[in-house]
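An overview of the molecular structure
So the chains spell out like this:
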Amino acid sequence: MHPLQCVLQAQKWGPLASVSWLLLRTCRALSNLPSTACPSPEKQQEDGVRKDFSSRLATGPTFQHFLRSASAPQEKPDMEDPPPYVTVEELLGRQRKVYLETYGCQMNVNDTEIAWSVLQKSGYLRTRNLQEADVILLVTCSIREKAEQTIWNRLQQLKALKTKRLRSRVPLRIGILGCMAERLKEEILNREKMVDILAGPDAYRDLPRLLAVAESGQQAANVLLSLDETYADVMPVQTSPSATSAFGLKEVTLLGQNVNSFQDSSEVQFNNAVSTNLSRGFSTNYKPKKGGLRFTYLLDQVSRVDPEMRIRFTSPHPKDFPDEVLQLIHERDNICKQIHLPAQSGSSRVLEAMRRGYSREAYVELIHHIRESIPGVSLSSDFIAGFCGETEEDHLQTVSLLREVQYNMGFLFAYSMRQKTRAYHRLKDDVPEEVKLRRLEELITVFREEATKANMASVGSTQLVLVEGHSKRSATDLCGRNDGNLKVIFPDVEMEDINNSDVRVRAQPGDYVLVKITSTSSQTLKGHVLCRTTLKDSSAYC
């Protein structure tokens, strides 16, 4: 995915499911600014183009249009002209069953749904049973060596499945999608002859053609990167098997790499010379862009769509948290008071080697500023153990940062050298593997200790929880997420409805409930449910 490509991932309910699409526009175009000067012919032509663009944009689809369209029955799309070596019939799935397996981050989950939406339109069926699949697609992650090794191991397992395939069935096709397909294309095709197709992150529209080529017994690949591909018209939707329409949206996540660096320059009247506002003490490795609509505007407009719909965003970069973003999060009730703030290291020396654009001191100052601006905010972070040249003193500084900040959630990994990175070309992966693993274990231990302390502050408080379903560990308990994105477990019992005290109800997925917290761990809160409520009504109790 491209760094500033924003995705709306919306939680849908009953049972829990998700719908994702790329965000093109969340609001109507604003009217043109008035001009009193006598325009030149060139200026008149430019104004004409601008007015035409704005008028077409103003009558185009809004965010509400996408919400409505999600549940509307989809007409069979017109097939694009196939390449000369493939017929239209060969592009059709003909009811073949596809099994999709996802590895990696939330963006890969989104990519899985995009890939499925493309195949569904071509006549493929989706199966959750690996044994009955005709096509197996692995949506892969390539950020760490361990993630890639997991895929190599999985391919060996699938190789046996393909070998044992009955001749009476259609041949089993196996494909690699996503980052690993793009990064290791030659190695995959040469090393694993049983892989039939490769599709990079910008090639999911091409899946029907790739599968059609694979039917002839050839390997097929498309890993070209595109500056134009947005999947803007691909709208994956999941519904209940017993329903004919999608459920109401209760939570939306703005999803993208450096999502808070969002900048939309398509609106001509906003392309002024105002520079990007960075967090205090932070810098960038590139020339900052000027003008355009920024993340504050995007977050504001999305949060206005429905006051009962929670808004989250991930994954941001610490450099792009100007005061206006923090103020908006504080003021808007349905923007969750939870911020992911990737630190990667607690050592300024290592941060400089990583080219992160900030020091430990600047990062800690930002933490304090965020907590002052958003009281009760929940913080999470990413950390890497054993980066190139990391000394024991560097490691201890990361340990001390974990203790100082007391994150509520954390994602910690041992460093693995990746190709096509600056570190690969200029730095040496000189920390022994056993040292990396030992340091990682120490970081995890400290994180859990401090997270438990941080979460203890919630004991005795009343938390608004969005119900997701039954707990995986107990059929008598329900599970949901609080505003800080922490998992909350509570008994599945009858309760009062805050808007109708005469009725006793049981919480359903998608309901907001108030839960009084009685105990915590480093990752989970537990409590007893008080009542069913709404996001708006909960503010008087939380």
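For the structure, check the block above.
Not measured: the values here are computed from a predicted model.

On inspection of all chains with the given rule, the structure shows 29 salt bridges. Ionic pairing is found between R96 and E215, a salt bridge with its closest N-O pair at 2.9 Å. Residue R96 is located in the loop between α3 (88-91) and β3 (97-102), and its partner E215 is located in the loop between α8 (207-214) and β8 (220-222); the two are separated by 119 residues in the primary sequence. Residue classification places E215 among the partly exposed residues on the basis of a relative accessible area of 31%. The partner of E187 in a salt bridge is R191, and the shortest N-O contact between them spans 3.3 Å. One end of the pair, E187, and the other, R191, are both in helix α7 (residues 185-191), four residues apart, so they sit about a helical turn from each other. Of the residues examined, E187 reaches a relative accessible area of 35% and is grouped as partly exposed. Each member of the salt-bridge network shares a partner with another, and the members are R96, K162, R173, D196 and E215.

Okay, the environment of E101 next. In this fold, E101 is placed in strand β3. Beyond its immediate sequence surroundings of up to four residues, E101 is in contact with L137, L138, V139 and R154. In terms of polar contacts, E101 uses its side chain to reach the side chain of Y103, at 2.4 Å. A polar contact is formed between the side chain of E101 and the side chain of R154, at a distance of 2.7 Å.

Spatial ordering of the open sheet is given by β13-β14-β15, a layout of three strands whose pairing is parallel. In the strand order of this sheet, the two ends are held by β13 (338-340) and β15 (409-414), each with one partner. Along the sheet, successive strands turn relative to each other by an average axial angle of 10°, direction set aside. In this structure, strand β14 (residues 378-385) lies alongside β15, joined through six bridges in parallel fashion. The partner of A385 across the bridge, within β15, is A414. Seen against the sheet, helix α15 (residues 433-456) touches β14 and β15 and runs at an angle of roughly 170° to β15.

With that out of the way, let us pick up the packing of aromatic side chains. Per the stated rule, a full pass over the model turns up six aromatic pairs. Between F313 and F321 the ring centres are 6.3 Å apart and the planes differ by 40°, which places this aromatic pair in the tilted class. Residue F321 is classed as buried on the basis of its relative accessible area of 1%. Ring plane angle 25° and centroid distance 5.9 Å describe the contact between Y358 and Y363, whose orientation is recorded as stacked.

Calculation criteria
- Residues numbered from 1 in each chain as written.
- Predicted model: local features only at pLDDT ≥ 70, side-chain atom pairs only at ≥ 80, totals over all residues.
- Heavy atoms only, no water.
- Salt bridge = Lys/Arg side-chain N within 4 Å of Asp/Glu carboxyl O.
- Helix = DSSP H or I, 4+ residues; strand = E, 2+ residues; numbered from the N terminus.
- Buried < 20%, exposed > 50% of the residue type's maximum accessible area, 1.4 Å probe, protein only.
- Contact = heavy atoms within 4.5 Å.
- Polar contact = N/O pair within 3.5 Å; in protein donor to acceptor, adjacent residues only side chain to side chain.
- Pairing = 2+ DSSP bridges.
- Axes fitted to C-alpha atoms, helices over the stretch in contact; angles between N-to-C directions.
- Phe/Tyr/Trp six-rings, centres within 6.5 Å; stacked < 30°, edge-to-face > 60°.

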